[in-house]
Amino acid sequence: MSRFERKILFAIGLSVFLALGGSIFLAQGALREVYRVGVNERFGAELVHGVEARRGQLMALRSGSEQVADAVGWAVEAEMTKRRNTSRLESVLQELVERYELVYGIRVTDGEGQEVASVSRESDPSGAPMRTTTRDRHVEAGRTKLLIAVEVAVPDVYFERLQEAGAASEVYSRLQRQSASVSDVYVWVFGVMVFLVIIVAFLIGAIVSRRVTRRVTALAEASRQVGAGDLTVTLPTGATDEVTELTQAFNDMVRDLRDSRTRIEYLQRIGAWQDFARRLAHEIKNPLTPIQLAAQEMGETYDGENEAYRKKLQHARAIIEEEVATLRRLVGEFSAFAKLPRADLSPSDLCDLIQSIEDSVPAILEDVGGGTPAPVEVRVSCATEPIRVRMDPMMLKRGVDNILRNAIQAVYEAHPSSGGRVFVRAYATEAAGFIEVRDNGPGISKENWDRVFDPYYTSRAEGTGLGLAIVKKVVLEHGGEVRLDRAPEGGARFSIELPLMGSR
Amino acid sequence: MKYWLAALVLLTASAAYAQSQLPPRDVGVTWSRGAPKVSFSAKDLADERVREELSSGLRKRLVVSVGSHLKGSNWRMSMRQFACDVTLDLWDDDYLVRIGNQTERLKSLEQVLNRCLSVEGLFAGEPKNYEPQKGKEMYFVVRAEFNPISKKQCSELIRPTSGNDPVGPITVNIVRRRICRAERTIEFRSEYVRVPE
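Residues numbered from 1 in each chain as written. Chains lettered and ligands numbered in written order. Predicted model: local features only at pLDDT ≥ 70, side-chain atom pairs only at ≥ 80, totals over all residues. Heavy atoms only, no water.

Q: Help me understand the packing of aromatic side chains, please; the structure alone is not making it clear to me.
A: Following the criterion strictly, the structure yields eight aromatic pairs over all chains and no others. Here the aromatic rings of Tyr427(A) and Phe434(A) are separated by 5.0 Å at their centres, their planes lie at 10°, and the arrangement is stacked. We classify Phe434(A) as buried; its relative accessible area is 12%. Residues Tyr139(B) and Tyr192(B) carry aromatic rings whose centres are separated by 5.6 Å and whose planes lie at 85° to one another, so their mutual orientation is edge-to-face. Of this pair, Tyr139(B) sits in strand S8 (residues 137-146) while Tyr192(B) is found in the loop between strand S9 (184-189) and strand S10 (193-194), placing the two residues 53 residues apart along the sequence. Here Tyr139(B) falls in the buried class, since its relative accessible area comes to 0%. (Phe/Tyr/Trp six-rings, centres within 6.5 Å; stacked < 30°, edge-to-face > 60°. Buried < 20%, exposed > 50% of the residue type's maximum accessible area, 1.4 Å probe, protein only. Helix = DSSP H or I, 4+ residues; strand = E, 2+ residues; numbered from the N terminus.)

In structure tokens form, the structure reads like this:
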């Protein structure tokens, strides 16, 4: 794990831990408080009081039922003492049942278990279930011993409510007893979840930081390669983040460096060739005049009678003069190449240049056709808007003229009678202006596309191989680029790219 | 995977160790038709507070469970459990004891404790549980609880609030276990006995 990666992970861990750890700390207090408010001691006490009240109610009813049974016993005893018989006992019992709500029935039996009197209440019209029990009382009136069974009843719901209140109170008291631990459980569970979140955050952080650092490491490695002189390095750019922007900038920088180096190397090479051409021109040019003069003198000063020899001399003189003329032309071209000045750039419109090229088309056609215009259709066009570039119009025109002349020659050779076409156009994109020259000639084979711009490379017998080298030198001095590929018409297509004014 | 297995083995071993460390107590064991019948008393579950609660007039529960284990193992061969719901009837002043679907009335708390916590000749499992373990040493673990809240009742009482937060259901499950556990529990084991050949 790199230091950078460790730092990123540390930053992620610190921020996650502080945020979530803080939230646990705050949540702990909040949970305890919430639980304390929710499971309140007062409510618990009230619930217990409720249970006690219901129990007290039942106990009071039970006590009341005992007292009622006593009252019934006394009433029966009084009746038996008063009347000494049981004739009115049933009506007394009826009064007692009506008087005491708890009493549902009374049954009086004698010592032998024979029923003496019995009354019972009509069943409750509401039909509510009742809990009944019997309270027995023994009465002695004189020699008569009676057993009074008083049936007392209370609604069953009283008991059910006691159980319900008891259950609620019990659960509440359990919640209360667990109040500290319940909030602790919440905090623990929350803590565990937070811990898991931290782990996940770390893992995601590790993956993300690994991705970032891997790209940064790749950048560092690529920088080392560039430092060692390898300008072919290109890093992949996929994502859309700052590192990608950095990578893109790095790629752009390497590409610019590569272009600059290529440009410089080419210009250096051209410079060396110019120097060579200048020396060659100088060395060849000097002896040409004496050679020509010597040949002329040889032919003119022979006064012998040998006609055959005279003819040989004349023939040799003609050959020498022709070759000297060829050498002079070659020297002229070498000299012109050697004296090629540096481009003097100034703001101009490419369309003006195109216009001047169009003006020179008839002369080129006539030159290529050997006195009569070559039957080649040349179409020249330009964008309607001005294409502002910094250029040396004369030098650039010379370069484009070279390309145009080559194109016309190639097309003329391929289509000597008619059908040859050459297109010259200027257009612009957002960042660059372009001059395009294309034709429907035989084209140039792909393996020679890079070589055609080398000095002294030519495919024609009478060519010097300097024309396209000059074009490339001029274009490079304009900060541009010249490319060759296949035209849609089948011939060659030369594209000169020049940076627009105001662009990078 | 091997770490998980190691943890599981460790956990099982520690649980087995913990059970074998329970205090031994006299548990009568007789064998009838290949199954053991156990007799013991867990009346000491009813301390002062438990007795008070049983006489409160509120419904309380006494649960006794008997499990049988092989010596040195936590694996339970059989499990037998019975529960008494005890209510002091405040109207009739006697104890209403409900065991399964049967209800009976007992006059005193002592009778209730004898009925619910003194076990006589209780079958602890079926012959098929012991058939494969013939000749091996085993022991019974008795657990007596006062007033545990049943799982079903507990789930009804304490429910997670509706929503899809992950903390709620987990926490409620843990809290449920704590809140619904018995108010008093005693545990003991029998001496080691051998499954008859």
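Q: Can you help me understand the interface of chain B and chain A in this one?
A: Often the size quoted for an interface is simply the accessible area lost on bringing the parts together. Counting residues at the interface gives 26 residues for chain B, matched by 31 residues for chain A. Counting each side, the surface lost to burial between chain B and chain A is near 2500 Å², with a carbon and sulfur contribution of 65%. Of all residues in chain B, the largest losses of buried area upon contact with chain A belong to Leu90(B), Trp91(B) and Ile179(B), amounting jointly to 35% of the total for that side. The interface formed by chain B and chain A contains four salt bridges. Along the contact surface separating chain B from chain A lie 15 residue pairs in polar contact (both at pLDDT 80 or more). Elements supplying a minimum of two residues to the side of chain B that touches chain A: strand S4 (76-89) and helix H6 (167-180) of chain B. Here the element with the most residues in the side of chain B that touches chain A is H6(B); it accounts for nine residues. A breakdown of the residues in the side of chain B that touches chain A according to their chemical character gives 13 nonpolar, five polar and eight charged. (Contact = heavy atoms within 4.5 Å. Buried area = accessible area lost by both parts, 1.4 Å probe. Salt bridge = Lys/Arg side-chain N within 4 Å of Asp/Glu carboxyl O. Polar contact = N/O pair within 3.5 Å; in protein donor to acceptor, adjacent residues only side chain to side chain. Nonpolar A, V, L, I, M, F, W, Y, C, P; charged D, E, K, R; others polar.)

Q: What exactly am I supposed to notice about the layout of surface pockets here?
A: The gaps of empty space that remain are located by a probe, the size of a water molecule, rolled over the atoms. All names here are of chain A. Of the pockets and cavities examined, the largest pocket occupies roughly 920 Å³. Lining the largest pocket we find 36 residues, and of these Asn406, Gln409, Thr458, Arg460 and Leu468 sit closest to its centre. Broken down by element, the lining of the largest pocket gets its largest block of residues, ten residues, from helix H9 (residues 393-414). Here the residues of the lining of the largest pocket are counted per class, giving 15 nonpolar, eleven polar and ten charged. (1 Å grid on protein atoms, 1.4 Å probe; cavity = no way out; pocket = protein on both sides within 12 Å on 5 of 7 lines; lining within 4 Å. Points joined across faces, edges and corners; volume = space filled by probe spheres on them.)

Q: So what exactly am I meant to see when it comes to the packing of helix H5 (residues 179-227) of chain A against helix H6 (residues 242-300) of chain A here?
A: Each pair of packed helices can be described by the angle between their axes along with the distance between the axes. All names here are of chain A. At a closest axis distance of 10 Å, the pairing of H5 and H6 adopts a crossing angle of 15°. When the axes of H5 and H6 are compared, the pair comes out roughly parallel. Once H5 is placed against H6, the crossing between them reads as left-handed. Residues Val212, Arg215, Leu219, Ala222, Ser223 and Val226 of H5 pack against Val243, Thr244, Leu246, Thr247, Phe250, Val254 and Leu257 of H6. Residue composition of the contact of H5 with H6, by class: nine nonpolar, three polar and one charged. (Axes fitted to C-alpha atoms, helices over the stretch in contact; angles between N-to-C directions. Parallel < 35°, antiparallel > 145°, perpendicular 65-115°, else oblique. Left-handed = near helix turned anticlockwise from the far one by under 90°.)

Q: Honestly, the state of the cysteines in this entry has me stumped. Any pointers?
A: Such a bond, covalent and formed between the sulfur atoms of two cysteines, is termed a disulfide. Tallying each qualifying case throughout the model produces two disulfides over all chains. Here Cys351(A) pairs with Cys382(A) through a disulfide, and the sulfurs are 1.7 Å apart. Negative torsions about the S-S bond denote left-handed disulfides, and the value of about -70° found for Cys351(A) with Cys382(A) makes this one left-handed. Remark: Cys382(A) occurs in strand S6 (residues 376-382) and Cys351(A) occurs in helix H8 (residues 350-368); sequence separation between them is 31 residues. Accessibility expressed as a relative area gives 28% for Cys382(A), which makes it partly exposed. Between the sulfur atoms of Cys84(B) and its disulfide partner Cys116(B) the distance amounts to 2.3 Å. One disulfide, between Cys84(B) and Cys116(B), carries an S-S torsion of -110° and so falls in the left-handed class. Highlighted residues: Cys84(B) in strand S4 and Cys116(B) in helix H3 (residues 109-117), separated in sequence by 32 residues. The exposure class of Cys116(B) is buried, given its relative accessible area of 1%. (Disulfide = S-S within 2.5 Å.)

Q: What am I meant to see in a nonpolar patch on the surface here?
A: Residue and element names in this part refer to chain A. Together, Trp188, Val192, Phe195, Leu196, Ile199 and Leu203 make up an exposed nonpolar region whose accessible area comes to about 650 Å². Within the secondary structure layout, Ile199 lies in helix H5. We classify Ile199 as partly exposed; its relative accessible area is 37%. (Patch = residues over 30% accessible without salt bridge, like charges linked within 9 Å, V, L, I, M, F, W, Y side chains within 5 Å. Areas by Shrake-Rupley, 256 points an atom, 1.4 Å probe, with all protein chains shown as cover.)

Q: How do you make sense of the sheet that holds strand S1 (residues 28-32) of chain B when you look at a structure like this?
A: Paired through backbone hydrogen bonds, the strands of a sheet run either parallel or antiparallel to each other. Residues and elements named next belong to chain B. With antiparallel pairing, three strands are arranged side by side in an open sheet as S1-S2-S7. Only two strands of the sheet have a single partner each, and these edge strands are S1 and strand S7 (118-123). Taken over all neighbouring pairs, the strand axes of this sheet differ in orientation by 15° on average, direction set aside. With four bridges connecting them, strand S2 (residues 35-41) and S7 associate as antiparallel partners. Across the sheet, Ser41 pairs through a bridge with Ser118, a residue of S7. (Pairing = 2+ DSSP bridges.)

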